[in-house]
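# Descriptive structure summary
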2 protein chains.
Amino acid sequence: MHNELETVFAKEGYRLTSPRRAVFDVLHGSESPLAIAVIIKACPDVDRVSIYRTLELFTRLGITEIIPFGWKQRYELTSPFKPHHHHLYCTNCGVLIDIHSQKLEQVVAAIAREQDFQPAAHKFEITGLCRHCQANIQ
Amino acid sequence: MHNELETVFAKEGYRLTSPRRAVFDVLHGSESPLAIAVIIKACPDVDRVSIYRTLELFTRLGITEIIPFGWKQRYELTSPFKPHHHHLYCTNCGVLIDIHSQKLEQVVAAIAREQDFQPAAHKFEITGLCRHCQANIQ
DNA sequence: TTCTTATTGCAAATTTGTTGCAATAATATG
DNA sequence: CATATTATTGCAACAAATTTGCAATAAGAA
């Protein structure tokens, strides 16, 4: 994992420092997107400021992306560090389900083509009730 | 417009106050999603705190939704106050293009069905370069 | 018109994000 | 391997955004 990171950084002329490794490792070890506050707590040896700066850099380099998540934003690794996917979010129990939809990707391409738009990235999310919560509530 | 609002509020037992009308009117008068700071400035007679509380309530009642917008979030009225749609966002000039895609809605339904998920809402956004900026930069 | 109580505005606290700069450490170079 | 260069860090201090408690106000019911 760090090899690919090194490659990206070397290519761009940035240094692969221990704060950056720490933030990357936390994200890489997580199943789901993380809020900044969580990343800060998970890296007790790294200053808050460096975490803000690191996430800004990662996002600018396309290593992470910002995921809308209720009121706050969260961060998640992108491809090739984590395969491209989207989320179903259960508003009752909070579970996140990863989805990989070829059809969705096709629709993105089709919409962009129709609008003469050059797509760089896209976000997608469905909120609602997971199978389990449908059965239990109401 | 206010009639429908009154209906929603009456049904839920909330009061339709002047701060709430003011925030609603600002959102209703806008073409695009608005940042909280903008809404605060647009309602000089309403306290900041009330605007936070109002947007929290609106979102909880499904009157508004949070739109990811670069680093910050913005707020926009939802159906029936504003027809359901999504955005293309040009990262160069900042323009927002509204899209209404039947295909996308079908994919949402299909994904939900496959996952046995009961969808309540969904977000979708493509970022990239608009026609104009493709021609001008690079 | 009066009563009840949800909602507001205010003040103050807290949390979140930003900036400038000297000290540190990652990489290139000899 | 030692040294030089300079990107990056941590710290302190600041600035902005968001939250909380509570008395005063006003919406809607009676």
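First, a word on scope: everything that follows refers to the structure included in this document. Quantities reported herein were computed from a predicted structural model and do not represent experimental measurements. (Residues numbered from 1 in each chain as written. Chains lettered and ligands numbered in written order. Predicted model: local features only at pLDDT ≥ 70, side-chain atom pairs only at ≥ 80, totals over all residues. Heavy atoms only, no water.)

This paragraph deals with the packing of aromatic side chains. Applying the stated criterion across every chain, the model contains nine aromatic pairs over all chains. Judged by centre distance (4.9 Å) and plane angle (45 degrees), the rings of F69 of chain A and Y89 of chain A are tilted. Within this pair, whereas F69 of chain A is found in strand β1 (residues 64-69), its partner Y89 of chain A is found in strand β3 (residues 86-90), the two being separated by 20 residues in sequence. Comparing F69 of chain A with Y89 of chain A, the two get one shared label, buried. Here F124 of chain A and F124 of chain B contribute two aromatic rings whose centre-to-centre distance is 6.2 Å and whose plane-to-plane angle is 70 degrees, an arrangement assigned as edge-to-face. Pair noted here: F124 of chain A is in strand β5 (residues 118-129) and F124 of chain B is in strand β5 (residues 118-129), and the two residues belong to different chains. Among the residues examined, F124 of chain A registers a relative accessible area of 4% and is labelled buried. Sitting above the plane of the F69 of chain B ring, R74 of chain B keeps its charged end 3.6 Å from the centroid. (Phe/Tyr/Trp six-rings, centres within 6.5 Å; stacked < 30°, edge-to-face > 60°. Helix = DSSP H or I, 4+ residues; strand = E, 2+ residues; numbered from the N terminus. Buried < 20%, exposed > 50% of the residue type's maximum accessible area, 1.4 Å probe, protein only. Lys NZ or Arg CZ within 6 Å of the ring centre and 35° of its normal.)

Taken in spatial order, the six strands line up as β4(A)-β3(A)-β5(A)-β5(B)-β3(B)-β4(B) in an open sheet, and their pairing is mixed. Among the strands making up the open sheet, the edge pair consists of β4 (96-99) of chain A together with β4 (96-99) of chain B. Across the sheet, the mean angle separating the axes of adjacent strands is 20 degrees when strand polarity is ignored. Two elements, strand β3 (residues 86-90) of chain B and β5 of chain B, share four bridges in a ladder whose sense is parallel. Paired with L88 of chain B across the bridge in β5 of chain B is I126 of chain B. The strands touched by helix α5 (residues 102-115) of chain A are β3 and β5 of chain A together with β3, β4 and β5 of chain B; relative to β5 of chain B, the strand with the most contacts, the crossing angle is about 50 degrees. Sheet contacts for helix α5 (residues 102-115) of chain B: β3, β4 and β5 of chain A together with β3 and β5 of chain B; angle to β5 of chain A, the most-contacted strand, approximately 50 degrees. (Pairing = 2+ DSSP bridges. Axes fitted to C-alpha atoms, helices over the stretch in contact; angles between N-to-C directions. Contact = heavy atoms within 4.5 Å.)

Contacts between the two partners involve 40 residues from chain B and, on the opposite side, 40 residues from chain A. For the chain B and chain A pair, buried surface summed over both sides reaches about 3,500 Å², with 64% attributable to carbon and sulfur atoms. The largest contributions to the chain B side of the interface with chain A come from W71, F117 and Q118 of chain B, which together make up 20% of the buried area. In this structure, R131 of chain B engages D116 of chain A in a salt bridge whose closest nitrogen and oxygen atoms are separated by 3.4 Å. Linking chain B with chain A are 14 residue pairs in polar contact (both at pLDDT 80 or more). Going through the elements one at a time, α4 (48-61), β1 (64-69), β2 (72-77), β3, β4, α5, β5 and α6 (131-136) of chain B are the ones with two or more residues in the side of chain B that touches chain A. Tallying contributions element by element places β5 of chain B first for the side of chain B that touches chain A, with 12 residues. Partitioning the side of chain B that touches chain A into residue classes produces 22 nonpolar, 11 polar and seven charged. Bridge count for β5 of chain A against β5 of chain B is 11 bridges, and the pairing is antiparallel. (Buried area = accessible area lost by both parts, 1.4 Å probe. Salt bridge = Lys/Arg side-chain N within 4 Å of Asp/Glu carboxyl O. Polar contact = N/O pair within 3.5 Å; in protein donor to acceptor, adjacent residues only side chain to side chain. Nonpolar A, V, L, I, M, F, W, Y, C, P; charged D, E, K, R; others polar.)

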